[in-house]
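Listed below, chain by chain, are the residues.
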Protein chains: 2
Amino acid sequence: MNQIRSMDKRLTKNQELVFGALTGTEGPQSAYTLLDRLRADGLRAPLQIYRALEKLIDLGLVHRLESLNAFVACSHPSCSDHSTVAFAICDDCGLVNEVADERLASNLKEVAVDYRFSLKQSIVELRGTCGDCAATSAKPQ
Amino acid sequence: MNQIRSMDKRLTKNQELVFGALTGTEGPQSAYTLLDRLRADGLRAPLQIYRALEKLIDLGLVHRLESLNAFVACSHPSCSDHSTVAFAICDDCGLVNEVADERLASNLKEVAVDYRFSLKQSIVELRGTCGDCAATSAKPQ
DNA sequence: ACCATATGTGTAATAACATTACGCACGCAA
DNA sequence: TTGCGTGCGTAATGTTATTACACATATGGT
């Protein structure tokens, strides 16, 4: 929260509102969900949300989850390489775990080299069930 | 084409039309692009496309590209594990290369284990520039 | 033959996600 | 002061995907 606040300095009002809405809730949120939550704060149009999200993503504060059409606040905004992050998305509870695995990142880079592909961004989204949900459904009571 | 034909046997008319439209063009296509191309064949509603795509994906004949909201025919329909495939998507020419890398697949499984995540599907989409496009833009003439 | 079930079809309407176009405002540097 | 980059607000539109309903066909069991 302290670190987060310190980054707010450079954010505009709309960007701060959107970022606040994302950090204030666990789990990913769609642009329109954000819009609904921020109507009370004066935001009225999708574009206001999308513009803020675009900037926040540029700044590395927010990630887009392609398979969900939704957005999450970055779990470790101070980290270096935001272009290679993976997400474990629980299809049960909807929560998302941001995974930073150095071997995975370098593995993807190698694959790109093998295929003579100039890699700009890696999208890695793991779908399945998180440990908590698996435990819960295993012991129904 | 011969191999493809042999698989058509189990496909319904709509599924065959959609699969044909995907294999008959290089590069990914959106559901609505497919619909437009298939209007002449009698398809009229998005749902007809989406239903066919769903089945084709189940059968492992087609992949969905999440970051593009588009679909491609699988490059190697006979291969075993369709849950872990990667795609190299060229942002220049739009072509997609299907990547089957065993190390990447096992790496993702390891990551899932590390995070106590029960993995059902891996979405891996590499964005960047393909070798051909890189070569072309390097020599502008 | 009868029924149940699973799968596929067709149409219409609507929901959900995202962008384009336009005009205005502010801060800053040439 | 002018020009430029960035952000803001509004409206309209474009694109992607789903829900709801009704009907059809094939299969397998009794």
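Residues numbered from 1 in each chain as written. Chains lettered and ligands numbered in written order. Predicted model: local features only at pLDDT ≥ 70, side-chain atom pairs only at ≥ 80, totals over all residues. Heavy atoms only, no water.

Undergrad: Sorry, what's going on with the packing of helix H2 (residues 13–23) of chain A against helix H3 (residues 31–38) of chain A here?
TA: Packed helices, taken two at a time, are described by the angle between their axes plus the distance between the axes. All names here are of chain A. Running from N to C, H2 and H3 point in directions that differ by 105°, and their axes come no closer than 10 Å. By the angle between their axes, H2 is roughly perpendicular relative to H3. For the pair H2 and H3, the contacting residues are Leu17, Val18, Ala21 and Leu22 in the first and Leu34, Arg37 and Leu38 in the second. Class assignment of the residues belonging to the contact of H2 with H3 gives a composition of 6 nonpolar, no polar and 1 charged. (Axes fitted to C-alpha atoms, helices over the stretch in contact; angles between N-to-C directions. Helix = DSSP H or I, 4+ residues; strand = E, 2+ residues; numbered from the N terminus. Parallel < 35°, antiparallel > 145°, perpendicular 65-115°, else oblique. Contact = heavy atoms within 4.5 Å. Nonpolar A, V, L, I, M, F, W, Y, C, P; charged D, E, K, R; others polar.)

Undergrad: Help me out: how do you make sense of the pattern of salt bridges in this one?
TA: Opposite charge on two side chains allows them to pair when their charged atoms are near. The full count for this structure, using the stated rule, is 8 salt bridges over all chains. With a closest N to O distance of 2.9 Å, Glu110(A) and Arg103(B) form a salt bridge. In this pair, Glu110(A) sits in helix H5 (residues 102–114) while Arg103(B) sits in helix H5 (residues 102–114), so the two residues belong to two different chains. We classify Glu110(A) as partly exposed; its relative accessible area is 35%. Linking Arg64(B) and Glu66(B) is a salt bridge whose minimum nitrogen-to-oxygen distance equals 3.2 Å. Since its relative accessible area comes to 31%, Arg64(B) is described here as partly exposed. Given the relative accessible area of 13%, Glu66(B) is considered buried. (Salt bridge = Lys/Arg side-chain N within 4 Å of Asp/Glu carboxyl O. Buried < 20%, exposed > 50% of the residue type's maximum accessible area, 1.4 Å probe, protein only.)

Undergrad: Looking at this structure, I do not really get the protein's contact with DNA strand C. What am I missing?
TA: Around DNA strand C, the structure places 15 residues, and the nearest of them are Tyr32(A), Arg64(A), Thr12(B), Gln48(B) and Arg51(B). Protein-adjacent atoms of DNA strand C, using a 4 Å cutoff, are sugar or phosphate at a proportion of 43%. A distance of 3.5 Å is found between a phosphate oxygen of DNA strand C and a side-chain nitrogen or oxygen belonging to Arg44(B). One of the side-chain N or O atoms of Lys55(B) is found 3.4 Å from a phosphate oxygen in DNA strand C. Among the secondary structure elements, those contributing two or more residues to the surface near DNA strand C are helix H4 (46–58) of chain A together with helix H2 (13–23) and helix H4 (46–58) of chain B. For the surface near DNA strand C, the leading source of residues is H4(B), giving 4 residues. Looking at the surface near DNA strand C residue by residue, the classes come out as 5 nonpolar, 6 polar and 4 charged. (Near = heavy atom within 4 Å. Polar contact = N/O pair within 3.5 Å; in protein donor to acceptor, adjacent residues only side chain to side chain.)

Purely spatial values, then, with no claim about function.
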